[in-house]
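# Observations on the three-dimensional arrangement
Okay, here's what each chain looks like letter by letter:
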Amino acid sequence: MRGSIQIAKLFNIPVLVHWSFGLLAFFVLWEGFSNDLSWEGTLWLGVFVLALFLCVVMHEFGHALTARRYGVGTRDIILLPIGGVARLDRLPEKPIHEFLVAIAGPAVNIAIVLALSPLFLFSVVSFNVTSNAGGINAQNFIPLLVLLNVMLAIFNLIPAFPMDGGRILRALLSMRLGRVRATKIAAVIGQLFALAFVVSSILWVKSPMLALIGVFVFLNAWGEARSVKMNSLLDDTKLSDIMKTRFTRLHPHDTMHTAIRIMEMGAEQNFIITNEAAQSIGILHNEFIKEAMSQRDGNAPVAVYMSKHYEPLQAQDSVRFAAMRIQTNGYSIVPVEKDGQLVGVLDMKMIQEFLKENK
Ligand SMILES: [Zn+2]
């Protein structure tokens, strides 16, 4: 994410902090001064916020390490003032795995509560809520940390997609309805919760944080619903549905003049070279045609300029698979085969047009 800096790398996953996190540090100091806290009190408050964010980081690693168990990597973990985000490379395939990955975060907070409970019982003896005016101190530090972990677990379990509770809901719905419909339903429920967050933050709770979370949930719910729909479209569409079947087939002995002429007409920029049996044997990239032009080498056969470094795609391959292949190999164009016969061509432009049509 833009404006983030890496502060650590744990379990091979970068932990980033967003610049707006600095606002939180400012908030702590401001809170300290406006409440007439001593330097010691402000320090306790600062340490408390750090401890809280350590809990948030552990929560995110709960998601990330569970995802890793099911073969899903995590690009990074970003800390924002409103919480953390573990950015997984993709969704776990099985809904039950998604369910476990989502629930692992709040489970970490519960585990922290359990781990701190002996200390909590010890410190609660001297903990007096009514004398809390002095801010955070050695007596109420642990009880408050326990309390906030309980709240973190409960808050995250609210079924407001894309929060954890919403992901759990989506996973459960996916088992019966399929992921696209499940996401749509979870996103609508998420947006209703988001509106409720914003309204209640204005009318009752008076918390700008809650309003901020509401806006975050609202914007991300549709974004994720759209990307799930897009991904399933990429998975479910076969190349035979979007490839071009009418295209120029050049032969190895055709001259570069032929390629240049067709290219200058504008419709085709890259070409497939075929043999007598109508099978593809090479690709003529646009840049090599331009090179032939600048070398005034129009009489050379295309065989001289064609590239043999490519692997044909298959008509039944998914668009997602094809997009990955084209991108990683930098193909300008790639032949599509069916039963060993050349049946079409594909390039990135056709995929982009397909996505645009299905927005
Ligand atoms: Zn979480």
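In what follows, the structure referred to is the one given above.
What comes next concerns the included structure. Keep in mind it's a predicted model, so treat the numbers as computed, not measured. (Residues numbered from 1 in each chain as written. Predicted model: local features only at pLDDT ≥ 70, side-chain atom pairs only at ≥ 80, totals over all residues.)

### Considering the overall build of the chain
Helix and strand counts for the chain come out as 13 helices and ten strands. Compactness check: the chain gives a C-alpha radius of gyration of 29 Å against a globular reference of 21 Å for 359 residues, more than 25% above the reference. Over its C-alpha atoms, taken along the principal directions, the chain stretches across nearly 95 × 45 × 40 Å. Buried residues in the chain amount to 31% of all 359 residues. Put simply, of all contacts in the chain between residues at least 6 apart along the chain, 59% involve residues at least 24 apart. (Helix = DSSP H or I, 4+ residues; strand = E, 2+ residues; numbered from the N terminus. Rg over C-alpha atoms; globule rule 2.2 N^0.38 Å. Buried ≥ 20, exposed ≤ 12 C-beta atoms within 10 Å, placed from the backbone. Contact = placed C-beta atoms within 7 Å.)

### What about the sheet that holds strand E1 (residues 4-10)?
Note: strands within a sheet are paired through backbone hydrogen bonds, in either parallel or antiparallel orientation. Strand order in the open sheet made by the four strands is E1-E2-E3-E4, with mixed pairing throughout. Where the open sheet ends on each side, the last strands, each with one partner, are E1 and strand E4 (83-88). The average undirected angle you get between the axes of adjacent strands in this sheet is 25°. With six bridges connecting them, E1 and strand E2 (residues 13-18) associate as antiparallel partners. Bridge assignment links Ile5 to a residue of E2, and that residue is Val17. The strands that helix H2 (residues 39-69) touches are E1, E2, strand E3 (74-80) and E4; relative to E4, the one it contacts most, it runs at about 20°. (Pairing = 2+ DSSP bridges. Axes fitted to C-alpha atoms, helices over the stretch in contact; angles between N-to-C directions.)

### Concerning the nonpolar core
Among the nonpolar cores identified, the biggest contains 40 residues, and Phe161, Ala194, Val217 and Ala221 are the most heavily contacted of them. In this view, Ala221 contacts Phe161, Pro162, Ala187, Gly190, Gln191 and Ala194; residues no more than four positions away in its chain are not counted. (Core = buried A, V, L, I, M, F, W, Y, C linked by C-beta atoms within 7 Å.)

### Details of the sheet that holds strand E8 (residues 313-314)
Read from one edge of the open sheet, three strands run E8-E9-E10, paired in mixed fashion. Single-partner strands in this sheet number two, and they are E8 and strand E10 (341-346). Pairing of E8 with strand E9 (residues 334-338) involves two bridges; the strand directions are parallel. Considered in E9, the bridge of Leu313 is made with Val336.

### Some thoughts on helix H10 (residues 286-294)
Looking at H10, one finds that the buried residues are Phe288, Ile289 and Ala292. With its buried residues spanning 105° around the axis, H10 presents them on a single face. Relative to its buried face, H10 has exposed residues pointing more than 90 degrees away, namely Glu287 and Ser294. One or two residues past the end of H10 sits Arg296, with phi positive at roughly 50°. (Arc of directions from axis to C-beta.)

### A few points about the packing of helix H5 (residues 164-177) against helix H6 (residues 179-205)
At their nearest, the axes of H5 and H6 sit 8 Å apart, and the two run at 145° to each other. Between H5 and H6 lies a crossing of right-handed hand. Residues Gly166, Leu169, Arg170, Leu173, Ser174 and Leu177 of H5 form the contact with H6, whose own contacting residues are Arg179, Arg181, Ala182, Thr183, Ile185, Ala186, Ile189 and Gly190. Of the residues contributing to the contact of H5 with H6, the split by class is seven nonpolar, four polar and three charged. (Left-handed = near helix turned anticlockwise from the far one by under 90°. Nonpolar A, V, L, I, M, F, W, Y, C, P; charged D, E, K, R; others polar.)

### Looking at the pairing of strand E6 (residues 271-274)
Two elements, strand E5 (residues 249-250) and E6, share two bridges in a ladder whose sense is parallel. Across the sheet, the residue bridging to Leu250 is Ile273, located in E6. One ladder, built from four bridges, connects E6 with strand E7 (residues 280-284); its direction is antiparallel. Looking at the pairing, Ile273 lines up with Gly282 of E7.

### Considerations on the packing of H2 against helix H4 (residues 141-156)
Axis separation between H2 and H4 bottoms out at 11 Å; the angle between their running directions is 35°. Handedness of the crossing formed by H2 with H4: right-handed. Counted together, Trp44, Phe48, Ala51, Leu52, Cys55 and His59 of H2 and Phe141, Leu144, Leu145, Leu148, Asn149 and Leu152 of H4 form the full contact between these two elements. Here the contact of H2 with H4 is built from residues that sort into ten nonpolar, two polar and no charged.

### With respect to the environment of Met293
As for its placement among the helices and strands, Met293 is situated in helix H10. In this structure Met293 comes out as partly exposed when scored by C-beta crowding, with 16 C-beta atoms within 10 Å. For the pair Met293 and Met209, spaced 84 residues apart in the sequence, the C-alpha separation amounts to 62 Å.

### Notes on H6
A bend of about 30° at Val199 is the largest found in H6. Close packing links the buried residues of H6 with H5 and helix H7 (208-236). (Bend = angle between axes of the 7 residues up to and from the residue.)

So, to be careful, I would describe these as geometric facts and stop short of saying anything about function.
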